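Architecture at a glance
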Amino acid sequence: LYHFIFPLRAKYIKNPQPIVILSKTDMPSQFLKKVGQYPKIYRIVGSPLIPEDLRRANINSAAKVVLVASDSLATSKSPPTELLDSEMIFVYKTVKLINPDIQVILELADPKNIKYLAVAGKAYESGFDFSPAFAAGDVFTYSIIDTLTAQAYFNPHIVTIFN
């Protein structure tokens, strides 16, 4: 998480947007100490599954939200891959219900689950890579992130394209 926040607080950014971290559990003190040196970073203890906690995090006026799967899902005793994303999909739907105009960036373990993010009545059965959410860059899968990381290592100019 620190490596995600670090570029968002680069010195060349004159007026950084607030970052709110909504977490069910306490964060390690070492992480809080590192992040505490940056301006406009707030932490709220709560669950993204509870609409009141999302409102306390001011989701109504947020421009963007990043949803990252919890580590407990990755370490649980091999549930079916379809169930790995159930919590993230539910949080996505809750966030969109509260603030329909917000841009949501979401991590999915199974690309097939992207169909649950589609607008009602508009199913995209031809594959996750043809869905509007994936094309807009709102959904990432583990395999895509791994591929992009490897490509950025061998071709540093690819980072310029994403910026």
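For the structure, see preceding data.
For the structure given in this document, a descriptive report is provided here. (Residues numbered from 1 in each chain as written. Predicted model: local features only at pLDDT ≥ 70, side-chain atom pairs only at ≥ 80, totals over all residues. Heavy atoms only, no water.)

Now for the overall build of the protein. From N to C terminus, the protein includes nine helices and five strands. The order of α-helices and β-strands along the protein, N terminus first, is α-β-α-β-α-β-α-α-α-β-α-β-α-α. By residue count, 31% of the 163 residues in the protein fall in the buried class. In the protein, the proportion of contacts linking residues at least 24 apart, taken out of those at least 6 apart, comes to 55%. Just so you have it, the protein exposes about 11,200 Å², and 61% of that area is on carbon and sulfur atoms. (Helix = DSSP H or I, 4+ residues; strand = E, 2+ residues; numbered from the N terminus. Buried < 20%, exposed > 50% of the residue type's maximum accessible area, 1.4 Å probe, protein only. Contact = heavy atoms within 4.5 Å. Areas by Shrake-Rupley, 256 points an atom, 1.4 Å probe, with all protein chains shown as cover.)

Once that is clear, we can look at the packing of aromatic side chains. With the rule as written, the count across this model stands at one aromatic pair. Seen in terms of ring centroids, Phe6 and Tyr38 are 6.4 Å apart; in terms of plane orientation they differ by 65°. Their pairing is edge-to-face. Pair noted here: Phe6 is in the loop between helix 1 (2-5) and strand 1 (19-23) and Tyr38 is in the loop between helix 2 (29-35) and strand 2 (41-45), with a separation of 32 residues, a long-range link. On the basis of relative accessible area, Tyr38 is assigned to the buried category, the value being 15%. (Phe/Tyr/Trp six-rings, centres within 6.5 Å; stacked < 30°, edge-to-face > 60°.)

This paragraph deals with the nonpolar core. Counting residues in hydrophobic clusters, the biggest one holds 16 residues, and the most contacted among them are Ile59, Val65, Leu67, Val95, Val104, Leu106 and Leu117. Listing elements by their share of this core, those giving two or more residues are strand 3 (64-67), helix 6 (86-98) and strand 4 (103-108). Top contributing element to this core by residue count: helix 6, with six residues. (Core = buried A, V, L, I, M, F, W, Y, C linked by side-chain atoms within 4.5 Å.)

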